Amino acid sequence: MKSSAQLAVIVGVAVVAGFGHWMVDGRPSGVPEKEFKESLELGELPPLREGEVRLEDLQGAEGDGVLWVDARRADRWKRDGLPGSISITSLSEEDLVTQLARHENELFGARMMVIYCDDLNCSLSHDLAERLRREFEGLVPSDVRVLQGGHVALRAAGMIKNSSPGP
């Protein structure tokens with residue numbers, strides 16, 4: 001009987017920890033890189049949602065006023081963010097005004113902002129893009145997009161290596 005109680009406590013702790021992780025980091029990644037690459041090769045990616053852009057539509061535009069924004073936690077951006085990107089996230093203890101002020105030079109020269117998080121199912125980038133459009137008009141470029149496939153798409157295209165030191 002004692003082992004049943006211990007098992008129940010362990011399961012309970014695991015459920016609470018998992019739920020806490022989900023609340024802090026958002027929904028877990030749903031599309032592994034291998035599946036994303038296969039979908040890309042077969043042309044079977046889902047239709048673009050409003051405000052999204054595909055990486056293939058941005059090819060060659062890297063130096064053309066495109067500002068890449070990583071919406072994941074800053075420690076993940078530092079570990080394997082897209083080189084040249086900046087970190088702006090709603091998961092930070094700093095408010096968005098402070099984060100934006102830190103990147104005023106990058107924002108000034110940008111004509112388009114492309115936000116990415118983990119993958120097709122990650123909502124962090126969509127939430128951030130909507131908030132930036134709504135609350136910071138005039139401070140951020142008028143063209144704020146979300147990268148379909150996020151970090152998974154960037155890795156699949158070879159723009160991020162698994163061991164990338166980030167920016």
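These figures come from a predicted structure and were not determined experimentally.

**Brief notes about the overall build of the chain**
Here is step 1 of the chain: Scanning the chain from terminus to terminus reveals 7 helices and 5 strands.
Here is step 2 of the chain: Starting at the N terminus and ending at the C terminus, the chain contains elements arranged as α-α-β-β-α-β-α-α-β-α-β-α.
Here is step 3 of the chain: With 167 residues in all, the chain has 38% of them scored as buried.
Here is step 4 of the chain: Taking contacts inside the chain between residues at least 6 apart in sequence as the whole, the part at least 24 apart equals 71%.
Here is step 5 of the chain: Carbon and sulfur atoms make up 55% of the accessible area of the chain, which totals about 9800 Å².

**Brief notes about the state of the cysteines**
Should the sulfur atoms of two cysteines be covalently bonded, the bond is a disulfide.
Here is step 1 of the chain: Scanning the model with the defined rule gives 1 disulfide in all.
Here is step 2 of the chain: Here Cys 117 connects covalently by a disulfide to Cys 122, the sulfurs 2.1 Å from one another. Here Cys 117 and Cys 122 share a disulfide; its torsion about the S-S bond, -135 degrees, makes the bridge left-handed. Taken as a pair, Cys 117 and Cys 122 share a single burial class, namely buried.

**Some thoughts on the pattern of salt bridges**
Here is step 1 of the chain: Summed over the entire model, instances satisfying the criterion amount to 9 salt bridges.
Here is step 2 of the chain: The partner of Asp 70 in a salt bridge is Arg 72, with the nearest N and O atoms 2.8 Å apart.
Here is step 3 of the chain: Among the residues examined, Asp 70 registers a relative accessible area of 0% and is labelled buried.
Here is step 4 of the chain: Close ionic contact of Glu 94 with Arg 102 constitutes a salt bridge, the shortest N to O distance being 2.6 Å.
Here is step 5 of the chain: Beyond isolated ion pairs, a larger network of salt bridges with shared partners links Glu 130, Arg 131, Arg 133, Arg 134 and Glu 135.

**What about the pairing of strand β4 (residues 112-116)?**
Here is step 1 of the chain: Within β4, 5 of the 5 residues are buried, which leaves it mostly tucked inside the rest of the structure.
Here is step 2 of the chain: Both faces of β4 are covered, namely the face carrying Met 112, Val 114 and Tyr 116 and the face carrying Met 113 and Ile 115.
Here is step 3 of the chain: Across 5 bridges, strand β2 (residues 66-70) lies against β4 in parallel orientation. If you follow Val 69 over to β4, its bridge partner there is Ile 115.
Here is step 4 of the chain: Looking at chain direction, β4 and strand β5 (residues 143-147) are connected through 4 bridges and run parallel. Across the sheet, residue Ile 115 finds its bridge partner in β5, namely Val 146.
Here is step 5 of the chain: Chirality of the crossover, the property in question, places the unit of β4, helix α6 (residues 124-135) and β5 among those that are right-handed.

Thresholds, definitions, all that
- Residues numbered from 1 in each chain as written.
- Predicted model: local features only at pLDDT ≥ 70, side-chain atom pairs only at ≥ 80, totals over all residues.
- Heavy atoms only, no water.
- Helix = DSSP H or I, 4+ residues; strand = E, 2+ residues; numbered from the N terminus.
- Buried < 20%, exposed > 50% of the residue type's maximum accessible area, 1.4 Å probe, protein only.
- Contact = heavy atoms within 4.5 Å.
- Areas by Shrake-Rupley, 256 points an atom, 1.4 Å probe, with all protein chains shown as cover.
- Disulfide = S-S within 2.5 Å.
- Salt bridge = Lys/Arg side-chain N within 4 Å of Asp/Glu carboxyl O.
- Pairing = 2+ DSSP bridges.
- Right-handed = clockwise from strand over helix to strand, strands pointing away.

Honestly, that's just the spatial picture; any functional story needs more than this.
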